Amino acid sequence: MNIRTQLTLRYIGIVLLVLFAMYLYLSAMLKDSMSTRITRELETQAALTAEFLIEKLPTQNNFTYHAIDSLVDRLGKTSDARLTFIGADGTVWGDTERDSTALRAMDSHLTRPEVQDALQFGSGIRDRYSDTTQTEFRYYAMPIYRDASPQASSDEKKTLIGICRVAMPMEIVNTAISNLRQILLFASVAGLILTIVFSVFSTKIITKPIEKLTQMTQSVAAGNIDSRVPVDSKNELGQLSQNFNLMTDRVQEQIDKISEEHRRLETILTDMGEGVLLVNGAFEITYANSMAISMLSLPDVYVGKALIEINRIPELQTLLQAAEQTETVAFAEIRLGNLTEPEAEVTVVPVSTGEEYVIVIHDVTKERQLERIRADFVANVSHELRTPLTTIQGYAETLLNEDTPRSKTSEQFIVKILNHSSRLSRLISELLELSRLESGDVELKRTRCHLNTFHEPILEVFEPLLEESALVLKWEIPENLPEVSVDQQLFMQVLVNLIDNAIKYTPDSGIITVSAEINTSETFEGINIASKEIIMCVQDTGIGIPMESQQRVFERFYRVDQGRAREMGGTGLGLAITKHIVLRHNGRIWLESSLGKGSVFHVAIPL
Ligand code: ADP
């Protein structure tokens with residue numbers, strides 16, 4: 001049922017209710033007032049009739065039907081009421097509705113209730129159905145007395161002549177009420193018609209803007225966001241329309257903004273060098289940018305397909321599972337295809353855990369190729385330099401060992417040549433070592449050993465140096481530490497490099513401490529550690545490394561102080577080699593240092 005019908009029905013209901021209430025009230029009022037009027041009229045009429053009859057009736061009570069009836073009839077002509085005169089014994093002597101013959105047949109009226117009341121209380125009033133006239137009447141009766149002689153006692157003074165009764169049909173009350181009903185019925189019909197006509201027009205005025213608003217909201221809901229409602233009034237509906245238009249404007253603005261953002265994002269995603277994929281909780285693709293499509297060779301229809309079904313790369317699936325389990329970013333280097341296919345750095349970011357993941361694929365094939373070319377170049381150059389350098393070193397040594405007399409300057413030159421060529425030789429060796437480690441050509445010869453195995457050889461290497469600089473080496477590795485599985489030669493190099501640096505960069509009478517402990521925590525700096533590990537520390541009381549250089553010391557040829565490092569005879573490759581050896585053992589290396597106080601190098605080797 002629409003709002004218009006509802007309003008019309010409500011109006012009709014109200015009008016009918018008002019008319020019905022009016023009818024009930026008016027009919028009650030009318031009945032009451034007419035009844036009172038009839039009673040008054042009956043009382044007046046009765047009083048007049050009584051007066052008249054006292055005067056006219058024969059004094060000796062020698063009544064005859066004819067004389068009394070004609071007297072009553074004469075009196076009755078002056079009003080609409082029915083007049084009856086009843087004798088003191090109940091005989092009806094006169095009645096306006098009966099002739100004298102009929103009167104004789106009438107029964108005694110002394111038993112009539114109004115007559116009884118009149119005799120008992122001085123007057124009697126009753127509404128009764130009259131057998132004589134077959135209609136409802138209101139009867140009013142009062143006794144008529146005649147005064148006795150002046151000498152009589154007060155009780156004897158009054159003599160009952162008879163009872164005067166006046167009656168009026170109650171029909172007029174009913175007729176008046178039925179007339180009123182008819183008037184009200186007519187008013188109801190007229191009111192109803194008027195209400196319908198009025199409500200049709202008035203509800204139209206009210207509902208028209210609502211209908212428009214409804215149409216408009218439907219249109220907006222259907223996606224026509226441009227739809228607006230005309231605002232033709234300033235009332236609440238007008239305000240509602242205005243507010244709705246404002247609201248739609250805002251929605252439109254937001255949609256425009258989001259569309260713009262979407263377009264921008266789409267352009268970025270399409271043109272970016274990285275492949276971007278979105279997968280849902282079941283690892284089914286929901287989005288892929290063009291780069292991802294080409295990188296993973298996705299088919300035309302890929303949306304909704306499981307990633308593993310389209311591109312069988314188990315590592316990718318494992319990475320997704322890792323991100324799902326840890327609820328954090330997962331990263332891995334993955335070979336995307338078979339053999340010569342691109343290498344990639346893949347990052348899986350959970351957007352909402354268990355529901356959506358973003359996969360970013362960064363193709364590092366070119367970088368790796370360049371890296372390989374660079375490493376090959378360095379290896380080749382080093383190799384090529386080694387032969388002439390060995391020759392130079394050989395000749396210089398021969399010259400120095402010759403017994404031929406020469407100037408002091410020549411000798412100094414030869415020594416310098418020897419020193420520099422041996423430094424160059426060391427550099428070349430280290431470069432080649434680094435290249436071998438980087439290329440992955442070095443095969444680890446892992447053996448199980450306790451870290452204390454390295455104590456003796458380390459002392460052998462560094463004892464003279466330590467003594468020279470008056471440094472103390474404290475070896476504090478507990479005996480009960482588990483053994484580690486390492487390539488002993490390479491691990492020795494790690495220790496040599498770290499202790500050598502500690503000696504180089506610690507002033508005289510400093511302390512160098514080598515310690516180790518087992519690490520049982522499951523995470524390190526937020527990263528999951530698969531298994532337990534041993535953390536070995538080389539601590540010194542040296543010059544320390546400034547904050548900004550701490551991350552960079554593991555880069556090749558990086559030195560905090562170029563001049564000082566060179567003076568110390570360093571190549572700038574020691575820590576780069578150390579880092580690579582540790583990485584080859586799946587370990588981690590990091591440092592803590594404060595300027596002027598010393599440094600601690602930590603090496604973690606998984607057990
Ligand atoms: P180098 O052969 O020059 O020592 P490294 O790769 O071993 O090369 O070290 C890189 C740089 O890191 C050094 O030049 C030095 O500045 C700094 N460094 C390394 N170890 C320490 C240390 N224990 N104390 C202070 N500085 C250090």
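Residues numbered from 1 in each chain as written. Predicted model: local features only at pLDDT ≥ 70, side-chain atom pairs only at ≥ 80, totals over all residues. Heavy atoms only, no water.

What about the overall build of the chain?
Broken down by element type, the chain carries 16 helices and 19 strands. Computed over its C-alpha atoms, the radius of gyration of the chain comes to 64 Å, more than 25% above the 25 Å expected for a compact globule of 607 residues. Dimensions of the chain along its principal axes, counting C-alpha atoms only, are 205 × 60 × 45 Å. Within the chain, buried positions represent 38% of all 607 residues. Summarising the internal contacts of the chain: among those between residues at least 6 apart in sequence, 59% fall at separations of at least 24. Across the chain, 58 positive and 81 negative side-chain charges occur, with their mean positions spaced 9 Å apart. (Helix = DSSP H or I, 4+ residues; strand = E, 2+ residues; numbered from the N terminus. Rg over C-alpha atoms; globule rule 2.2 N^0.38 Å. Buried < 20%, exposed > 50% of the residue type's maximum accessible area, 1.4 Å probe, protein only. Contact = heavy atoms within 4.5 Å. Lys, Arg positive; Asp, Glu negative; His and termini not counted. Charge placed at Lys NZ, Arg CZ, Asp CG, Glu CD.)

Regarding the domain arrangement of the chain
Partitioning the chain into structural domains gives domain 1 (3-177), domain 2 (228-271), domain 3 (272-363), domain 4 (367-439) and domain 5 (446-606). Relative to domain 5, the C-alpha centre of domain 2 lies at a distance of 64 Å. (Domains from an automatic or database assignment.)

Looking at the site of the ligand
As a matter of local geometry, the ligand sits amid 21 residues, with Asn-501, Asp-540, Thr-571, Gly-572 and Leu-575 nearest to it. Measuring from an oxygen atom of the ligand, one finds a side-chain N or O atom of Asn-501 at 2.8 Å. Contacts to the ligand include Tyr-505, whose side-chain N or O atom sits 3.2 Å from an oxygen atom. Taken by itself the ligand offers 530 Å² of open surface, and the protein chains cover 97% of this. At the level of elements, helix 13 (488-504), helix 16 (574-584) and strand 19 (598-606) are the ones that each hand at least two residues to the shell around the ligand. For the shell around the ligand, the leading source of residues is helix 13, giving three residues. A class-by-class count of the residues in the shell around the ligand yields 11 nonpolar, seven polar and three charged. (Near = heavy atom within 4 Å. Polar contact = N/O pair within 3.5 Å; in protein donor to acceptor, adjacent residues only side chain to side chain. Areas by Shrake-Rupley, 256 points an atom, 1.4 Å probe, with all protein chains shown as cover. Nonpolar A, V, L, I, M, F, W, Y, C, P; charged D, E, K, R; others polar.)

A closer look at the sheet that holds strand 6 (residues 275-280)
One open sheet holds the five strands; their spatial order is 7-6-10-9-8, and the pairing between them is antiparallel. With one partner strand each, in any of the chains shown, strand 7 (285-288) and strand 8 (330-335) form the two edges of the open sheet. Here the strands of the sheet are splayed against their neighbours by 20° on average, with no regard to which way each runs. Summarising the sheet, strand 6 and strand 7 pair through three bridges and their orientation is antiparallel. (Pairing = 2+ DSSP bridges. Axes fitted to C-alpha atoms, helices over the stretch in contact; angles between N-to-C directions.)

Some thoughts on helix 13
The end-to-end C-alpha distance of helix 13 is 24 Å, a good match for the 24 Å that 17 residues give at a rise of 1.5 Å each. Summarising burial for helix 13: 12 of the 17 residues are buried, a large majority. By the burial criterion, the buried members of helix 13 are Leu-490, Phe-491, Met-492, Val-494, Leu-495, Asn-497, Leu-498, Ile-499, Asn-501, Ala-502, Ile-503 and Lys-504. The residue sitting at the N-terminus of helix 13 and contributing the capping side-chain oxygen is Asp-487; that oxygen lies 3.2 Å from the backbone nitrogen of Gln-489. (Expected span 1.5 Å × (residues − 1).)

With respect to the sheet that holds strand 4 (residues 135-147)
Within the open sheet, the five strands sit side by side as 2-1-5-4-3. Their pairing is antiparallel. The strands lining the two open edges of the sheet, one partner per strand, are strand 2 (92-95) and strand 3 (124-130). Each strand of the sheet is rotated relative to its neighbour by a mean of 25°, with strand direction disregarded. Two elements, strand 1 (residues 82-87) and strand 5 (residues 158-169), share six bridges in a ladder whose sense is antiparallel. Paired with Leu-83 across the strands is Val-166, a residue of strand 5. Across the face of the sheet, helix 4 (residues 113-121) comes into contact with strand 1, strand 3, strand 4 and strand 5 while running at roughly 170° to strand 3.

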